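# Coordinate inspection notes
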Amino acid sequence: MALHPEVAAYRAARAAAGAPPLYAQTLVEARAADLAAIRAGTGAVEPVTEVRDERIPGPAGELPLRVYRPAGSGPLPTLLYFFGGGWTLGSIDTADGICRRLANAVPCQVITVGYRLAPEHPFPAAVHDCHAATSWVARHAEELGVDPTRLAVGGDSAGGNLAAAVTLLSRTDGPPLAAQLLVYPNTDSSGEPAGDDDPTLFNRRSVAWYRTHYLADPAHARDPLASPLLADDLSGLPPALVITAELDPLRAEGQRYAERLRDAGVSTRTEHYPGMIHGFFAMPGTFTDGRRAQGSAAAFLRERFGLSDGPAGFDVAAAPTDTAAGDG
């Protein structure tokens, strides 16, 4: 597996800086370092017509939301976006760059959810927070300017895991969803982590560290809300885009989840980025493929929302060579 030149440069810079891996830091240090790294890799902050913070009732108290609304009046298609960070790190600010770019590029309203983090609040707190927020948005569609017939969920890494779990809950409990965007998602926490131990990159030790914080009871790893790949039945879920990276320890489980979705009759598109690493989607200022992948995500959502061509000037060119699509 060859490193993309941009990944090689990124890895060399991290090695030269000598920063310890996140799993070797305290939680306070790791949370700050994670946000700083993402901000450094995001690139220019895009203006959005309206950005506001809200607080809504959640399963165990108030939940913060951030609403990104592009130009336009009336009800808009809306994406609920769940940030990454191994259920342990991350915040609404972590996903700010992604939410801004997708809001402008689709265009659609994007709402990100400040779900509770582990280890303070282990599984299934985050799942229930995300589903509660999705349901609340659907119930308050009129006041939020949401088109409830065009509501989607998405997220990267642990956020992709949470989006997949929300689709499982929504299949039986509502609300109906138009699409799911899963960016290098965790889908199976029951086995040994894959990959190597390169301390300059997200590796199998990173995966194990996050799991330890999130799954207070190791038996929870077999629960489909923690490991959606283990669900008995994936039929009836919304159409999906699953994005994976070649050098990511989560690559295989993301690809297997896409295969299972297709086998269950779910319209599923996959995009795989050779030479890329976990986290690239959130760092379009560092990785050209991060910008391309965000463009592909916007194009997928635009299609699922029934929108015409997106705004000029957003790079949606050249999906990776081994992109696959299927309608089940």
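Residues numbered from 1 in each chain as written. Predicted model: local features only at pLDDT ≥ 70, side-chain atom pairs only at ≥ 80, totals over all residues. Heavy atoms only, no water.

The next subject is the overall build of the chain. A tally of regular secondary structure across the chain gives nine helices and nine strands. Against the 2.2 N^0.38 benchmark of 20 Å for 328 residues, the chain shows a C-alpha radius of gyration of 18 Å, consistent with a compact globule. Dimensions of the chain along its principal axes, counting C-alpha atoms only, are 50 × 45 × 40 Å. Looking at the 328 residues of the chain, the share that counts as buried comes to 56%. Nonlocal contacts in the chain, meaning residues at least 24 apart in sequence, comprise 77% of its contacts between residues at least 6 apart. (Helix = DSSP H or I, 4+ residues; strand = E, 2+ residues; numbered from the N terminus. Rg over C-alpha atoms; globule rule 2.2 N^0.38 Å. Buried < 20%, exposed > 50% of the residue type's maximum accessible area, 1.4 Å probe, protein only. Contact = heavy atoms within 4.5 Å.)

On to the side chain of H272, then. Tracing the backbone through its elements, the reader meets H272 in strand β8 (residues 268–273). At a separation of 2.9 Å, a polar atom in the side chain of H272 contacts the side chain of T244. (Polar contact = N/O pair within 3.5 Å; in protein donor to acceptor, adjacent residues only side chain to side chain.)

Turning next to the environment of E50. Examined against the element boundaries, E50 turns out to sit in strand β1 (residues 50–58). The partly exposed category is assigned to E50, whose relative accessible area is 32%. Beyond its immediate chain neighbours, meaning those up to four positions away, E50 contacts V67, Y68 and R69. A polar side-chain atom of E50 sits 3.2 Å from a polar atom in the side chain of R52.

The next thing to look at is the layout of surface pockets. Each pocket or cavity is described by its volume, and for the largest pocket that value is around 650 Å³. Around the largest pocket, the lining is made up of 37 residues, and of these L22, D34, F202, Y210 and H278 lie nearest the centre. Elements represented by at least two residues in the lining of the largest pocket include exactly α1 (5–17), α2 (27–42) and α7 (204–214). Its residues assigned to classes, the lining of the largest pocket shows 22 nonpolar, eleven polar and four charged. (1 Å grid on protein atoms, 1.4 Å probe; cavity = no way out; pocket = protein on both sides within 12 Å on 5 of 7 lines; lining within 4 Å. Points joined across faces, edges and corners; volume = space filled by probe spheres on them. Nonpolar A, V, L, I, M, F, W, Y, C, P; charged D, E, K, R; others polar.)

Our next topic: the pattern of salt bridges. Within the structure shown, the criterion is met by 16 salt bridges. Here E46 and R101 are joined by a salt bridge, their closest N and O atoms 2.9 Å apart. Taken together, the residues E46 in the loop between α2 and β1 and R101 in helix α3 (residues 96–105) connect sequence positions 55 residues apart. Considered together, E46 and R101 belong to a single accessibility category, that of buried residues. One salt bridge connects D96 with R66, and the closest N-O pair in it is separated by 3.7 Å. Of this pair, D96 sits in helix α3 while R66 sits in strand β2 (residues 61–69), and the two are 30 residues apart along the sequence. (Salt bridge = Lys/Arg side-chain N within 4 Å of Asp/Glu carboxyl O.)

Below, the discussion takes up the packing of helix α4 (residues 125–139) against helix α6 (residues 158–173). For any two helices packed against each other, the geometry comes down to the angle between their axes and how far apart the axes lie. Close contact between α4 and α6 brings their axes to 9 Å; oriented N to C, the two are set at 60°. Comparing their axes, α6 and α4 come out oblique. Of the two elements, α4 crosses α6, and the hand of that crossing is right-handed. Residues A126, V127, H128, C130, H131 and T134 of α4 touch α6, and the partners they reach there are L162, A165, V166, L169, S170 and D173. (Axes fitted to C-alpha atoms, helices over the stretch in contact; angles between N-to-C directions. Parallel < 35°, antiparallel > 145°, perpendicular 65-115°, else oblique. Left-handed = near helix turned anticlockwise from the far one by under 90°.)

Using the criterion set out here, one finds eight aromatic pairs in the structure. Relative to Y115, the ring of F83 has its centre 4.2 Å away and its plane inclined at 15°; by these criteria the two rings are stacked. Taken together, the positions of F83 in the loop between β3 (76–82) and α3 and Y115 in the loop between β4 (109–113) and α4 put the pair 32 residues apart, joining distant regions of the chain. Accessibility expressed as a relative area gives 4% for Y115, which makes it buried. With a centroid separation of 5.2 Å and 65° between ring planes, the pair formed by W209 and Y210 is classed as edge-to-face. Assigned by exposure class, W209 and Y210 land together as buried. (Phe/Tyr/Trp six-rings, centres within 6.5 Å; stacked < 30°, edge-to-face > 60°.)

With that out of the way, let us pick up the environment of P148. Counting through the fold element by element, P148 comes out in strand β5 (residues 146–156). Judged by its relative accessible area of 42%, P148 is partly exposed. Residues within four places of P148 in sequence aside, it is in contact with A141 and P176.

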